[in-house]
Amino acid sequence: QVQVVESGGGLVQGGGSLRLSCAPSGSIFRINAMGWYRQASGEQRESVAIITSGGITNYVGSVKGRFTISRDNAKNTLYLQMNSLKPEDTAVYYCAVDAEFRGGSRVRYWGQGTQVTVSS
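In short, a report on the structure. For every chain, the first residue of the written sequence is number 1, and numbering continues from 1 along that sequence. With the structure being a predicted model, the display of local features is reserved for residues of pLDDT at least 70 and the display and counting of side-chain atom pairs for 80 or more, all residues being used for whole-chain, interface and lining totals. As a rule here, side-chain values cover all heavy atoms of the structure and leave hydrogens and water aside.

### Digging into the overall build of the protein chain
Okay, step 1: A tally of regular secondary structure across the protein chain gives zero helices and 11 strands.
Okay, step 2: Think of it this way: any DSSP run of H or I at least four residues long counts as a helix, any run of E at least two long counts as a strand, and we number them from the N terminus. When the helices and strands of the protein chain are listed from N to C terminus, the series reads β-β-β-β-β-β-β-β-β-β-β.
Okay, step 3: Both definitions apply: the radius of gyration is a C-alpha atom measure, and the globule rule equals 2.2 Å times residues to the power 0.38. Rg of the C-alpha trace for the protein chain: 14 Å, near the compact-globule value of 14 Å for 120 residues, within the 12% margin.
Okay, step 4: Here the C-alpha coordinates of the protein chain stretch approximately 50 × 25 × 25 Å along the principal axes.
Okay, step 5: Three exposure classes are used, based on accessible area relative to the maximum for each residue type with a 1.4 Å probe and protein chains only: buried under 20%, partly exposed in between, and exposed over 50%. The buried share among the 120 residues of the protein chain stands at 40%.

Next up, the structure:
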């Protein structure tokens, strides 16, 4: 059974910073891409930042230059450093892990979500 646990959300003033973390537990043969998504109230979930197993990153335009995604492959941990936060960054943030198992099957797992609230 694979679980994805997130941490690091909270309430911060505009211009502040937060760091999110995410780590899957369970027997996984290989972790491929990992990413952060967010869903604001009344909106659809959107991709915020993705990082491949080789470290290639991709960001949604609204966070470029402010957010940094990184991963520690030895610890199977994903991070999102969020700086210069704006009220429009307020959302529930979800971690996604693309896991591969022996035999070749692949499954995407999601964390439970962590609330990020930015006050103006």
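From this point, the narrative continues.
### Things to note about the sheet that holds strand 1 (residues 3-7)
Okay, step 1: Paired strands are those between which DSSP finds at least two bridges. One open sheet accounts for four strands, arranged 1-3-8-7; its pairing is antiparallel. What marks the edges here is a single partner per strand, and that holds for strand 1 and strand 7 (67-72). In this sheet, adjacent strand axes meet at a mean angle of 15 degrees when their direction is disregarded.
Okay, step 2: In this structure, strand 3 (residues 18-25) lies alongside strand 8 (residues 77-82), joined through five bridges in antiparallel fashion. Each bridged residue has a counterpart across the sheet, and for Arg19 the counterpart in strand 8 is Gln81. All axes here are fitted lines through C-alpha atoms, helices being fitted over the stretch that makes contact, and every angle between N-to-C directions spans 0 to 180 degrees.

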